[in-house]
Every structure is written in C-alpha cells, then in structure tokens.
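# Analysis of the macromolecular model
Residue strings, one per chain:
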Amino acid sequence: MKTLKKSGTGAAIDRVEGHLKVMGIAKYASEFPVQNKVYAQGINSTIAKGEIISVDTSEAEKLPGVLKVITFKNAEKLKTFEKEMTPISTTTIAPVLQSNKVHYYGEYIGLVVAETFEQAQYAARLVKFKYKEDPNPVINFDKSRSEAYKPNEKSDYALGDIKAGLSDADEIVEVTYNTPIEHHHPMELHAVIASWENGKVMAYASQQIVEDATIAISDTFQIPKKDVRVIAAFVGGGFGSKLNVERHVILAVMAAKMIGKPVQMTVTRPQMFTNTGLRQHNEQKMRVGAKKDGTLTALSHETLSHTSSTLEYQESCGMVTKMLYKVPNNLVTHRLIPMNIQAPFAMRAPGEATGSFALECAMDEMAWKLKMDPIDFRIKNDTQIDLSTNKPFSSRLLVECLRIGAEKFGWKERKIQPRTHKNGNWLIGYGVSGASRQSPYLKTNAKVILELDGDEVNATIQMDATDIGTGSYTIIAQTASEYLRIPVEQINVELGDSNFPATPGSGGSWGAASFCNGARAACEKAIKTLKANQNIKQDEEVSVADLLKKNKLKRFEAEGSAEPSEAFRNHSVFSFGANFCEVWVDKDTGMYRIKRMVNVGAAGKILNPKTAYSQIIGGLTMGVGMAMAEQTRVEPNFGNFITRSFADYHVPVNLDMANIDVVFLPEEDKIANKMGIKGIGELGITSVAASIANAIFNATGKRMRDLPITPEKLIEAKVEPGITV
Ligand code: MOS
C-alpha cells in the first residue's frame, strides 16, 4: 500500500523536483542536448565611450573551427530604440551590434561563433578593434551630479507640506545613505541555445518570464510573437537579472539565423558584471521630523542614482517612505544621472531593499534622538491606511511582527547606551528594523490534464511559469493536490515553456500568489465542467476519479484563469515583517560577526513552510551581503568594473551567516486573492541591512551610512556626539 504524504497547501513537503536536480536530470538552458549546436563568445568593448573606426577579423577567421565573426559591419538589422532614454521593462527590445558606437566599457561589440566553446573563446581574443575614443565619458558619479534629471512626473511624490512638517518637529534627523553598485550573480550563468526552423525561433534560455522573453525577441527581430518559443524549464536563480532579455539572447538568435545552426551562448562570470544588468549606486538623502512624544511630523526621501546613456531605469527607493508610517508631510523624489555604464535594472527587491536601508536606519537615528525605544517609535507611527493611495491595507501585521520578534529575540535584554554591552574585546549590539514589500498579483492562466489510470487519477498542470529555485513546482503541485483532492505524488507539473498558458513569470514576489491561483482556477474549472456535464450538483462531493468515470472519460483537459478582484484593487497589498539581529564588533579591528538573526514575516498563507523558510534564509543572506560585503567598483579613469569575479565581489558564505530564526505569523489574506497568498521572496532581504547597521550603532555608537560596512570604514568612523568611548 502506498503511504501518502499530507500534500495540500500549508504542508512542509520536500521539493517535488528536488531529486531531478540532485540526479542532474533537471535541464538548465545550456544543458539541452540540441543536435549540431555550435558555440558563441561575445567580445566586449575596452573603452567607455566612442566609436569603432576599424575591425580586423582576419586572424580570428583563419583559426580552425571558427564559423563566423559578427560585428556591426555584418550584423542582421534589428529594431532599435525609437527614443532616447527608453524606459527599460521586462519586454524591452535588446538591439545589439547595430552601430559602431560604444556606450560603456564591456558593451558587446562583436561575436565569434565556432565549433567548440574553447575555439570561440580563443578566437574572440584575436579580433582587433580600433576606436576613436571620446575623452569625456561620464563615469564619475560625484563629478556628474549636475547632469541629473527627473525621469518622469511619477518620480516625485508629495503629501502635505514638508517644510511645515519639519518646522513643526521638535527633533530633526537629516542624513544621507549610500548603497554601491551591486550585481545579481545568480549561481546559473545567463545562457541560451537558439535555433531557427522555417522562420521560427526556438530558444532554451535562462529567463524569469518566458512570455515577456518571446515578446522582446519577436519585437527585436520584427517577427510575429507566435513564431518565437522560449523554454526555461529550470532556472538557477535570477534575482532580477533574468527578468528581461539581455543581448546575449539576441546575439545567439542572430548568429543562429546567419549560420543556419543552433547556437549556444553562455555569459561568462566576468561578463555577468558588464552584460546582465546591475543595481546602480543610490545616494539617499533622508529627513525625518518628529515631536518629543515620537509622533512623526515629516518624512522626506530624495534619491540620486544613475542610469545608462541609452536606457532609463529608476529604482523606486522612496516607495517604502510613502506607505510605511503615518506622517502628514511626506516628500519622495528620484533623480538620475545618465552615465557611460551599462543600464541598471531590477535587483533583489528593487526599491525596498535599498529604500528600507535608508528609511529604517533614519527611523533608528530619530528614535535615538528622542530617547525612545525604536520598536515603540515605529509602533507609535503605525498606520492601517496607505496614505500614498488612501487605500486601506488588505492586512498589515507590522506591529505584531515587531512585538513577536522582540519577544522571540529577547529585545528587553538590549542595553540602550552604545558601547556598554561588552564581552572581552567585543562590543555587542542589538538592532531592529521594520519591513514591507509590495505583494502584486497578476493574471495567470493554467491548464490541467486529468488521466484516469484504474481507480486513480494522474494530473498534469501546465503553465509558462518559471521556478527560479524558489519552489514554484512544489507549491503548484500542492495547490493542484488540494483542489483536485488527489495526492501530490499523482501530480505532474510542467513549467517554463511559452507554448503553455501564459503567466506573469517569476519576479516582484508575485509568483506564488499568481501561479497558485491560476492552477487553482484550472482545477476548479475541470471539476465544475465534469460535474455540470453530468448534472451533478456543484456542492456534491465526488472524487475526480468518479467524475471521469461518470463522464466516461479516460482523459480530460481544462484551462482556467485567475486575476485580481475589485477588492484587491481597492486595497493596498503588502507583506510585512521585522528583522532583529545581534552583532559583535571587535573594538580594535572593526571586524564584526552577526551572531543571531530573528525574522518575523506576515506574508499571507504560507504554502509550504519549508520552501518559504528557504526563501527567507536566501533573503537574509542577501541582506547580509548588502550590509557586509557586496559592492562593484568602477575604475575611475576608464569606467570598467574592477570587481570581476567572486574573488573580489564578495558574497556571504555559511560562516558569515548567523543563527537564524524565522517566524511566519498565521495569516490568510483573502482580500489579496482567493487563496490568501502574499509574496514572500523579496520580503526576506528587505530592511535586513538596516537591522545590521542599527545593531552596529548599538554596539559601537557609530552610524554606518555607506554600504558595505567594512572593518576599515568601521574603525575610521567617529562615535556619535554624546556617546562615551
Ligand atoms: Mo525580481 S528583482 O523582480 O526578480
């Protein structure tokens, strides 16, 4: 007899696809055994701005195995941007090799295609470019401030009167925070295998949103969308860098067309710095005004960052400041400097991860000024209405997250005065921060195929959703199991093929809510139809096996679709959380360890505590990376990134991580959607860096406002006035 696991939503089952990954059966983009495939290697520019005046491909072309060298001189004609500073989105075209102009160091200026990967790599080094270099590329953020512009009307927001709010205040905090350029660096390199057959494109590509990838490819090549198929069955992380189509995808599709063979292109780890997006440097100026009793009177959040010289991306750092606290006077602005650096795009909770660092540190600074507990200060300014939209929150358990977290963490043991909690050479500090992350829910389609096998039904769910390592396969299987009332072992989930029903893909923490409601809708539709066809009452309980038998069917298919309701649109839907951490700082060296972290989240129904826990651990790790280590440096003379590998772009390893305690508050947000699901992926990184910086202040009396917080910076920083060393 088969022992069945509890398998509906809410059960902590193992990943349904886990064994495929362990056994190497799960295929990532570059692993598909496409017949006759050849290999492409991109060539990167070695100037930040200028023009190519000559190209010499002769030496490369002579090499054995080399099939083609492509530059702007012989590239296929593609659609190009219609206007300057096109806003970048998940469907934006990615023209490449369309002119001799160079816009940033590392831009693709050529491609070599060869029979083997090694031949292509070697030949790429032999292609010679001569440039006419522009002597004044914009590569220095500080020296280019005067170039800043306002991207659009929506980039500014004002409520009340900020000046009045500040003059009303008893205390004012006015400080600036900096976060550096960061790179996504998913474990799986960006990769594609592209081919053409009868005018149609087929691409195995590591993408987060296959539907949008088909749009971007078809638009760039000016062919019908139905003639492009994208497959991303397994994706080894994206963190935003695989939301849109990057130029390697277009290069491979172009090369496949020109050569008439499938072309594989893998972006190398050093190229992941210059060719797959980034998070730009953000300078965030914060002003906080409050009354002596802790009532906020003013909040302002002004962000200066950079974009490329051709594409526009604005990370909405100020978004958190618009909605997190009750404040009558609120100002949020964003300005951009166009620079000769590749275009930034969404990375790991864009807006919230960086914005909450500034806001939640500034709130801590104000609490200290007011001599108030930072938790009490936040609770005092809680709001159940999103003042930026005037809509009530669908549910908001921020206060509960803070209170329960404080209990769990042992917040009452915290010494209020910095530098008073010690252990030998260590200065010990506790920090807290509040977290919020928008929880979108987008229209999602799914298909269910039911097959009768004796007395059992096997079901297949198909949708073009992706699993970027988050657990989509598992939670979709659990949803189908719950709504079809069959064990999860009898459910087969097929994802990541643009031929399957369209979904919004993975991004922005909308995956779980969207995918599962889509799968639910398909299952409900199947059962409803099977009942209706036999005049069975909808509320009568009949197993899906019996329904098929009564319908005399061996096989049955149904498609369903789910989308946001009126109630969703009338509410502001966010997930909430709180981060607590304990740091130990060596008072002589500035080296520090994060000893403990407690994360409390209120993110709707938790579909699978095991995969949800993994999501939060991942987020916390990225938060630690932001706080302690991650930063890409720009070489000041040439504009290239001097951080080009994991030897110099540091990410946290297990030894850097603390003892982690994750708590999910029981919540089902039925306003958000029928299943009560909210987003969780990006909540995990949000405000983590602030809790660490706040703990460092509590330990040392030093305010660390520029990330990453390195031991050198920490040693050099001065303690805040009034704190005894
Ligand atoms: Mo996310 S930065 O929307 O993958």
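## Side note on the overall build of the protein
The helix and strand inventory of the protein stands at 18 helices and 28 strands. For the protein, the C-alpha atoms occupy an extent of roughly 75 × 75 × 50 Å along the three principal directions. Residue burial in the protein is summarised as follows: out of 725 residues, 62% are buried. A separation of at least 24 residues holds for 81% of the contacts in the protein among residues at least 6 apart in sequence.

## Regarding the packing of helix α16 (residues 609-628) against helix α17 (residues 688-700)
Contact geometry of α16 with α17 gives a least axis separation of 8 Å together with a crossing angle of 55°. Between α16 and α17, the interaxial angle falls into the category oblique. The two elements α16 and α17 cross, and the hand of that crossing is right-handed. Across the interface between the two elements, Leu-620, Gly-623, Val-624, Met-626 and Ala-627 from α16 touch Val-688, Ala-689 and Ile-692 from α17. Per-class residue counts for the contact of α16 with α17 are seven nonpolar, one polar and no charged.

## Re the packing of aromatic side chains
Remark: the centre distance and the inter-plane angle together describe each pair of aromatic rings, the angle taken between the planes. Per the counting criterion, the structure on display carries 17 aromatic pairs. Ring geometry for Tyr-28 and Phe-234: centres 6.0 Å apart, planes at 45°, overall tilted. Of the two residues, Tyr-28 is situated in the loop between α1 (18-22) and β1 (38-44) and Phe-234 in the loop between β12 (228-231) and α6 (247-259); the sequence distance between them amounts to 206 residues. Just as Tyr-28 is buried, Phe-234 falls in that class too. Aromatic side chains Phe-273 and Tyr-649 sit 5.7 Å apart centroid to centroid with 70° between the ring planes, which places their arrangement in the edge-to-face category. Taken together, the residues span a long stretch of sequence, with Phe-273 in helix α7 (residues 271-274) and Tyr-649 in the loop between α16 and β28 (659-664) at a distance of 376 residues. Each residue in the set Phe-409, Trp-411, Tyr-430 and Phe-580 is aromatic and connected to the rest through ring pairs, giving one cluster. The positively charged end of Arg-596 is found above the aromatic ring belonging to Tyr-430, 5.6 Å away from the centroid.

## Structural notes on the domain arrangement of the protein
With domains assigned, the protein is organised as domain 1 (18-27 + 442-563), domain 2 (32-135 + 187-237 + 242-274) and domain 3 (282-440 + 570-716). With centres defined by C-alpha atoms, the gap from domain 2 to domain 3 works out at 36 Å. Taken together, the contact between domain 2 and domain 3 spans 22 residues of the former and 24 residues of the latter. Interface area for domain 2 against domain 3, summed over the two sides, is near 2000 Å², with a carbon-plus-sulfur share of 66%. For domain 2, the biggest contributors to the area lost against domain 3 are Met-85, Ile-88 and Phe-273; these three give 38% of the whole.

## Focus on the sheet that holds strand β15 (residues 296-308)
Here five strands make up an open sheet; going across it, the order is β8-β17-β15-β14-β9 and the pairing mixed. For this open sheet the edge positions go to β8 (157-159) and β9 (171-179), each flanked by a neighbour on one side alone. On average, each strand axis in the sheet is inclined to that of its neighbour by 10°, with strand direction left out of account. Where strand β14 (residues 282-290) and β15 come together, nine bridges link them in antiparallel fashion. Bridge pairing links Gln-284 to Thr-303 in β15. Its contacts with the sheet put helix α9 (residues 352-370) on β9, β14 and β15, and the angle it makes with β9 is roughly 150°.

## A look at the nonpolar core
Among the nonpolar cores identified, the biggest contains 85 residues, and Phe-377, Phe-580, Val-583, Ile-594, Met-597 and Ile-692 are the most heavily contacted of them. Examining the composition of this core, we find that 10 residues originate from one element, α9, more than from any other. Those residues in contact with Ile-692, other than ones at most four positions away along the chain, are Cys-581, Val-583, Tyr-592, Ile-594, Met-597, Gly-623, Val-624 and Ala-627.

## Brief notes about empty space enclosed by the protein
Applying the stated criterion across every chain, the model contains one cavity of 30 Å³ or more. The calculated volume of the largest cavity comes to roughly 40 Å³. Looking at the largest cavity, the residues that line it are Tyr-177, Cys-361, Glu-365, Ala-693, Asn-694, Phe-697, Lys-702, Arg-703, Met-704 and Arg-705. Elements that contribute at least two residues to the lining of the largest cavity include exactly α9 and α17. Top contributing element to the lining of the largest cavity by residue count: α17, with three residues.

## Examining the sheet that holds strand β22 (residues 444-453)
Across a sheet, strands are paired by hydrogen bonds formed along the backbone, either parallel or antiparallel in direction. The sheet built from four strands is open, its strands ordered β24-β23-β22-β25 with mixed pairing. A strand with exactly one partner marks an edge of an open sheet, and here the two such strands are β24 (491-494) and β25 (555-562). Across the sheet, the mean angle from the axis of one strand to that of its neighbour is 20°, orientation sign disregarded. Sheet analysis places strand β23 (residues 456-462) next to β24, joined by four bridges and oriented parallel.

## Some remarks on the environment of Ala-12
With respect to the helices, strands and loops of the structure, Ala-12 is situated in the segment before α1. Measuring from C-alpha to C-alpha, the distance between Ala-12 and Glu-407 comes to 25 Å, with 395 residues separating the pair along the chain. Those residues in contact with Ala-12 that sit more than four places away from it in its chain are Asn-608, Pro-609 and Lys-610.

## Topic: the layout of surface pockets
A volume near 980 Å³ is recorded for the second largest pocket. If you trace the second largest pocket, you find 42 residues lining it, with Pro-180, Gln-631, Arg-633, Leu-707 and Pro-708 closest to the centre. Every element with two or more residues in the lining of the second largest pocket is listed here: β9, β27 (592-602), α16 and α18 (711-716). Taken together, the residues of the lining of the second largest pocket sort by class into 21 nonpolar, 11 polar and 10 charged.

Definitions and limits used
Residues numbered from 1 in each chain as written. Predicted model: local features only at pLDDT ≥ 70, side-chain atom pairs only at ≥ 80, totals over all residues. Heavy atoms only, no water. Helix = DSSP H or I, 4+ residues; strand = E, 2+ residues; numbered from the N terminus. Buried < 20%, exposed > 50% of the residue type's maximum accessible area, 1.4 Å probe, protein only. Contact = heavy atoms within 4.5 Å. Axes fitted to C-alpha atoms, helices over the stretch in contact; angles between N-to-C directions. Parallel < 35°, antiparallel > 145°, perpendicular 65-115°, else oblique. Left-handed = near helix turned anticlockwise from the far one by under 90°. Nonpolar A, V, L, I, M, F, W, Y, C, P; charged D, E, K, R; others polar. Phe/Tyr/Trp six-rings, centres within 6.5 Å; stacked < 30°, edge-to-face > 60°. Lys NZ or Arg CZ within 6 Å of the ring centre and 35° of its normal. Domains from an automatic or database assignment. Buried area = accessible area lost by both parts, 1.4 Å probe. Pairing = 2+ DSSP bridges. Core = buried A, V, L, I, M, F, W, Y, C linked by side-chain atoms within 4.5 Å. 1 Å grid on protein atoms, 1.4 Å probe; cavity = no way out; pocket = protein on both sides within 12 Å on 5 of 7 lines; lining within 4 Å. Points joined across faces, edges and corners; volume = space filled by probe spheres on them.

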